[in-house]
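# Architecture at a glance
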Amino acid sequence: MTLTAGAPPAAGRLLPGLALTAAAVAVALVVNTLVPMLSPAVVAVALGAALANTAGIGASVAPGVRFVSRTVLRTAIVLLGLQIALPDVLALGWQPIAVIALATGLTFTITPLIGRRLGLSPGTSLLVATGVSICGAAAVAGMHEATGGEGGVSDDDDAAGALSVVVLYGTALIVLLPLTASWLGLSARQLGVWTGASVHEVAQVAAIGAATGGAVLAVAVTVKLARVVLLAPIVALTTLRTGLSRRRSTPLVPLFVLGFLLMVAVRSTGLVPHAVTDVAPRISGLLLAAALFGLGTGIDARKLLRGGRALLLGAISTALIGAISLALVTLFV
């Protein structure tokens, strides 16, 4: 690409947005330290939305913000694969794996059908379904990265609405799910499987586990990470089903999805040093917070409030995965 005379270098154009993002991530880390149930990614989305709907995003920071919401996002999702070891998932036994597969598959399939009946766009319905059924904001961002853009299924408004929905309801589950489990008299293992199979974000799952005991935490996080594995095949199947790969002359499976699967395979060998597996979640968490800050700047609060149907779909979808997984847990676990 040739720059015009006097134009700043590409890296220079990114710096203001990168500096703003770094400041937002720093604030998100502080908030997370004070309120552990609020993950840096969730706080970063809220900060991006708050900034966009008050002071606004200036032209000088826009290139850097776009960079983190695209390139940094892909890197974060690839590194997320280093948290998942397939032997740990298989050690859960067939019952939790059946709960994960059925609850995720049914929620992902049914949610867009409900969204269509509510009159929502296919993009919003798809992204809400992805976020609720798999892994919250990271899944929304990953699916949007694969299906957005020119000729795609989803646009930035769809992504902003879906992000708001999964952050809102996922945070509410931190309080509601343990209370419901206590009322129902679920065992620690049942609560762990239900939490991992129904709560949106990994950090939200960890918050519930930490508040309810170590036995719940270990099972819940492993079940949740097993759900995260489904991000890759669901994104790949969606791009194939919609024909996006053929229309765009892009790989059949997005490269960042292949990178994610490669990292899962590498971690599953057991050869990755503990120093790497210990630090990888923190690095991917920081990168994901940065990317979600960028995506959060696309949230228009006025549009979101006027479009209450997306909030309704999120509530229905969250209730759906919660009810399906609870029914399966009481039957099998």
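Residues numbered from 1 in each chain as written. Predicted model: local features only at pLDDT ≥ 70, side-chain atom pairs only at ≥ 80, totals over all residues. Heavy atoms only, no water.

The chain is annotated in an unreviewed UniProt entry as Sulfate exporter family transporter of Nonomuraea recticatena. Recorded in UniProt under Sequence similarities (unreviewed entry), the annotation for the chain is "Belongs to the UPF0324 family." The UniProt entry for the chain carries this comment under Subcellular location (unreviewed entry): "Cell membrane". (UniProt positions renumbered as here; feature names shortened; annotations may be inferred.)

Looking now at the packing of aromatic side chains. A full pass over the atoms with the stated rule returns one aromatic pair. Taken together, a centroid distance of 5.7 Å and an interplanar angle of 55° make the contact between Trp94 and Phe332 tilted. A residue pair is termed long-range when its members are at least 10 positions apart, and Trp94 in helix H5 (residues 94-117) and Phe332 in helix H16 (residues 308-332) qualify at 238 residues. (Phe/Tyr/Trp six-rings, centres within 6.5 Å; stacked < 30°, edge-to-face > 60°. Helix = DSSP H or I, 4+ residues; strand = E, 2+ residues; numbered from the N terminus.)

Inspection of the secondary structure assignment puts Thr318 in helix H16. A distance of 3.1 Å separates polar atoms of two side chains, one belonging to Thr318 and the other to His200. Excluding residues within four positions of it along the chain, Thr318 makes contact with Val132, Tyr169, Leu173 and His200. (Polar contact = N/O pair within 3.5 Å; in protein donor to acceptor, adjacent residues only side chain to side chain. Contact = heavy atoms within 4.5 Å.)

Looking now at helix H7 (residues 156-184). A rise of 1.5 Å per residue sets the reference length of H7, with its 29 residues, at 42 Å; its end C-alpha atoms lie 40 Å apart and thus fit the reference within 8%. The sharpest bend along H7 reaches about 40° and sits at Ile174, with the proline Pro178 one to four residues further on. The opening residue of H7, the one whose side-chain oxygen lies 3.1 Å from the backbone nitrogen of Asp157, is Asp155. Directly after H7, the chain includes Gly185, whose backbone phi takes a positive value near 75°. (Expected span 1.5 Å × (residues − 1). Bend = angle between axes of the 7 residues up to and from the residue.)

With that out of the way, let us pick up the nonpolar core. One recurring pattern in soluble globular proteins: nonpolar side chains tend to sit buried together. Counting residues in hydrophobic clusters, the biggest one holds 83 residues, and the most contacted among them are Ile84, Phe260 and Leu292. Looking at this core element by element, the count peaks at 14 residues for helix H6 (residues 122-147). When sequence neighbours within four positions are dropped, the list of residues in contact with Ile84 reads Val89, Leu225, Val228, Val229, Phe260, Val264, Arg267 and Ser268. Counting residues in hydrophobic clusters, the runner-up holds eight residues, among them Val25, Val72, Ala290 and Phe293. (Core = buried A, V, L, I, M, F, W, Y, C linked by side-chain atoms within 4.5 Å. Buried < 20%, exposed > 50% of the residue type's maximum accessible area, 1.4 Å probe, protein only.)

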